[in-house]
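These are the residues of each chain, in order.
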Amino acid sequence: MLKEKIVGILAEARKTGWVMEPQAKSILREAGLPVPDFTWARDEGEAAEFAREKGFPLAAKVVSPAIVHKSDAGGVAVNIGSEDQLRDVMARFSRMEGFAGAVVEPMAAGMELIVGGKMDHQFGPVVLFGVGGTSVEIYQDTVIRMAPLKESDADSMIRSLKGKKLLLGYRGQPPVALEKLKKLLVDFSRLLMDMEGLVESIDLNPVMCSDTACLVADARIMLPPP
Amino acid sequence: MDLKPLFSPRSVAVIGVSLGNDRHPANVIFNKNHLRHRVKVFAVNPKGGSLLGETVYKDVGSIPEKVDLAVVAVRADLVPGVIRQCVDAGTAGAAVISGGFAEVGRQDLQEEIVKIARDADFPLIGPNCLGVYAPAYVDTFFLPAERMIRPEQGNVALVSQSGGILVDQMIKFAEEGVGISIAVSIGNKALVRELDLLRHLSEDENTDVIAFYVEGFSKGEGRRFVLEAVKSKKPVIVVKSGKSEAGSRAVSSHTASLAGDYRVFSSVLAQYGVVEAKNELELVSFCEALSCYKTPPLCGRVGIITGSGGHGAMAVDACSDLGIQVPGLSGPLKETVHQSLSESVAQIASVTNPIDLTGSAVDDDFVNTAVALASSDEVDCLLLLLLPYLPGITSDLGARLSSVYQRLQKPVVAYVPRLEKYRMLIEGFELNRVPVAPSIEGAVLMIEALRRCQPC
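Here's a quick rundown of the structure. Treat the numbers as computed from the prediction; the structure is a model and nothing was measured.

With that settled, the discussion passes to helix H10 (residues 280-292) of chain B. Residues and elements named next belong to chain B. For H10, spanning 13 residues, the distance from its first C-alpha to its last is 19 Å, which sits close to the expected 18 Å at 1.5 Å a residue. Most of H10 sits out of view: 11 of its 13 residues are buried. Considered for burial, the residues of H10 that qualify are Glu 282, Leu 283, Val 284, Ser 285, Phe 286, Cys 287, Glu 288, Ala 289, Leu 290, Ser 291 and Cys 292. For H10, the side-chain oxygen to backbone nitrogen distance between the N-cap and Leu 281 is 3.2 Å, and the N-cap itself is Asn 279.

As a further point, take the state of the cysteines. Residue and element names in this part refer to chain A. Scanning the entire structure with this criterion turns up 1 disulfide over all chains. The disulfide that involves Cys 209 links it to Cys 214, with 1.9 Å between the sulfurs. An S-S torsion of about 50° defines the bridge between Cys 209 and Cys 214 as right-handed. Assigned by exposure class, Cys 209 and Cys 214 land together as buried.

Attention now moves to the packing of aromatic side chains. The full count for this structure, using the stated rule, is 8 aromatic pairs over all chains. In textbook terms, an aromatic cluster arises when at least three aromatic residues are bridged by ring pairs, as seen for Phe123(A), Phe212(B), Phe217(B), Phe225(B) and Phe265(B). Directly above the ring of Trp40(A) sits Arg42(A), whose terminal nitrogen or CZ lies 3.7 Å from the centroid. Above the ring of Phe265(B), the side-chain terminus of Lys240(B) is found at 5.3 Å from the ring centroid.

Once that is clear, we can look at the packing of helix H6 (residues 194-203) of chain B against helix H7 (residues 221-231) of chain B. Residue and element names in this part refer to chain B. As a packed pair, H6 and H7 sit with axes 10 Å apart at the nearest point and diverge in direction by 10°. Here H7 runs roughly parallel to H6, going by the angle between their axes. In contact with Glu 194, Leu 195, Leu 198 and Arg 199 of H6, H7 contributes Glu 221, Arg 224, Phe 225, Glu 228 and Ala 229. Across the contact of H6 with H7, the residue classes break down as 4 nonpolar, no polar and 5 charged.

Moving on, we come to the sheet that holds strand S6 (residues 93-96) of chain B. Residue and element names in this part refer to chain B. Here 7 strands make up an open sheet; going across it, the order is S3-S4-S2-S1-S5-S6-S7 and the pairing mixed. One side of each edge strand has no neighbouring strand; the edge strands of this open sheet are strand S3 (50-51) and strand S7 (124-125). Across 5 bridges, the pairing between strand S1 (residues 11-15) and strand S2 (residues 40-44) is parallel. If you follow Ser 11 over to S2, its bridge partner there is Lys 40. Across the sheet, helix H2 (residues 25-36) touches S1, S2, S3, strand S4 (54-57) and strand S5 (69-72), and the angle it forms with S2 is around 155°.

Now for the environment of Thr336(B). Residue and element names in this part refer to chain B. Take Thr 336: it is sitting in helix H12 (residues 331-340). Among the residues examined, Thr 336 registers a relative accessible area of 43% and is labelled partly exposed. Considering only alpha carbons, one finds Thr 336 and Thr 369, 33 residues apart in sequence, at a separation of 8.6 Å.

This brings us to the interface of chain B and chain A. Counting residues at the interface gives 29 residues for chain B, matched by 33 residues for chain A. The interface formed by chain B and chain A contains 18 residue pairs in polar contact (both at pLDDT 80 or more). Counting only elements with at least two residues in the side of chain B that touches chain A, the list comes to H7, helix H8 (254-258) and helix H9 (261-271) of chain B. Per-element tally for the side of chain B that touches chain A: the top contributor is H9(B), with 8 residues. A class-by-class count of the residues in the side of chain B that touches chain A yields 12 nonpolar, 12 polar and 5 charged.

Okay, the sheet that holds strand S18 (residues 381-385) of chain B next. Residues and elements named next belong to chain B. Pairing within the open sheet is mixed, and its 6 strands lie in the order S16-S17-S15-S18-S19-S20. This sheet does not close on itself; its edge strands, each paired only once, are strand S16 (350-351) and strand S20 (436-437). Pairing of S16 with strand S17 (residues 355-356) involves 2 bridges; the strand directions are antiparallel. Across the sheet, residue Ser 350 finds its bridge partner in S17, namely Asp 356.

Residues and elements named next belong to chain B. Every second residue of strand S19 (residues 412-415) is oriented toward a common face, with Val 412 and Ala 414 on one face and Val 413 and Tyr 415 on the other, all of them buried. Of the strand pairs in this sheet, S18 and S19 are connected by 4 bridges, and their pairing is parallel. If you follow Leu 384 over to S19, its bridge partner there is Ala 414. Between S18 and its parallel partner S19, the chain crosses via helix H15 (residues 397-408), and the hand of that crossover is right-handed. As paired elements, S19 and S20 share 2 bridges and run parallel to each other. What sits directly across from Ala 414, in S20, is Val 436. After leaving S19, the chain enters helix H16 (residues 423-430) and then returns to the sheet as S20, a path that is right-handed.

Conventions adopted
Residues numbered from 1 in each chain as written. Chains lettered and ligands numbered in written order. Predicted model: local features only at pLDDT ≥ 70, side-chain atom pairs only at ≥ 80, totals over all residues. Heavy atoms only, no water. Helix = DSSP H or I, 4+ residues; strand = E, 2+ residues; numbered from the N terminus. Expected span 1.5 Å × (residues − 1). Buried < 20%, exposed > 50% of the residue type's maximum accessible area, 1.4 Å probe, protein only. Polar contact = N/O pair within 3.5 Å; in protein donor to acceptor, adjacent residues only side chain to side chain. Disulfide = S-S within 2.5 Å. Phe/Tyr/Trp six-rings, centres within 6.5 Å; stacked < 30°, edge-to-face > 60°. Lys NZ or Arg CZ within 6 Å of the ring centre and 35° of its normal. Axes fitted to C-alpha atoms, helices over the stretch in contact; angles between N-to-C directions. Parallel < 35°, antiparallel > 145°, perpendicular 65-115°, else oblique. Contact = heavy atoms within 4.5 Å. Nonpolar A, V, L, I, M, F, W, Y, C, P; charged D, E, K, R; others polar. Pairing = 2+ DSSP bridges. Right-handed = clockwise from strand over helix to strand, strands pointing away.

Right under this line is the structure:
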């Protein structure tokens, strides 16, 4: 069963056809998935206040119902190291179409992965997992399984990637936090089952996975056409 | 819905025979069952009269006994009435051969017959199909008997949306000596669908392997299919057409773009251990291999025994393409193999993996090597590349090597060129339930079938 708050956010988003990052992350947090400690800053002042509390470096991403692919539109700034830089970024974002603030959060470290969900016509909710980031469609190193996932499915997904060595430890690097990654996949697959009929597809991209943590650094939920 | 009477009927009514045209599909169906099958067959035409000296009944209700299977070959607009008559007469089920339904835009007519059948819990195959070929019972295909290639009776069930593909597959099965328990063409699959057949065939004692040609599933049907396949104790094989994505739909998420319809299909089948055959060669190879080894052990490491180095090298390449391991052998195992060889062969054989026994090998060399490999825990299955033209090889070798599997239970797959003069060698394998492929590639695919049958 979906929590009331999640249903509310999805209903609210129907006007635009998709759920923007801050609301998408709220949904994930409600469902128990690991998201960074972020704020939805409506202006420079709110962003600066968050920075004074959390310190640097920070990432900032524009929030706008008109901008689905934020990187393509220049709406993502990473490794922001000072309040001046942050204010510059916010000023630049504020001139973008449909500007409704920015997500500001601490930089997450690790490998960029994608965890996605899709409502397939023949098979219902399915989970996609693979090497993520902005070049996800270039490398196409992804695997698909039908939801809900068992832990053994999550394990098999990790081991089925061409780039699995990057996750399992390579050239002296420690493996990523595999248990946390598997839990994230399993929990996400359950959320997806509960969202059947309500969403069309979900990108958690990137999910940042280090040897100690996995965090959903960006999220987007597309709704079915009305 | 009980499908059994449709597949092993004791009596059949062929509805829509022509009194003047012997080549009418219904007449072909009537004749072949009347003349060739044990089933009791009744002809039906509203005009009555007689056909080949047999009574033609005016409707199914006039037949003096309750009929198991009605084969309906009347004009599409007459089908609803005929189905009602069948239901009223207590007929157990029907195969509707007639076309002229959803495939030509008459969704309404199709829905009408589905409603009649569903309300009466009446199993209906088709419409727009060939129906059922069950070698021991009945043949509703409207293809004259002398034109058809019939595989032997066996343990593979074939289900196909397309009748043409089904008949083609039957030819390939016959060529490769793969026997079938039943072949069903489901056409528009208006009521009886893949899922119903999967359920039925999972329980069917004559069927050990269930193969499907699928064009696509309806909403949510693929999920129900794989969940049912997992419950079935039998290998399930699927070949799918329509793999290319329709057009370039604008998709705004990476996931929607990367998880296209066919990729999802293929991934989910593998997840649930449903064996996907990518093409017809794979389908026939997989069916043959799995009809011999129904609950295959995981076959990740293969030991290859050959009479020619070139064949061994090609087999290694084919294995490597599919990710099947051809592991090196331990010193002690090599020594065991070496000790078992005849004196002249021991001097020239190359005892690595593949083990090349050379053109001087005799039957005993093959058998002893196979025993040594199958007794070790270094390989999971054996691939035998047999060249029957080698002078030391006799036609007894097939049966002798088959007994290695029977004794040691490590799956064996053989390659033998499929020529009439090598038939006894081939049958020595096949009649003893060891699959034989006519090409190296096909033999490696049989190994792959054993592997793909496991959930990933």
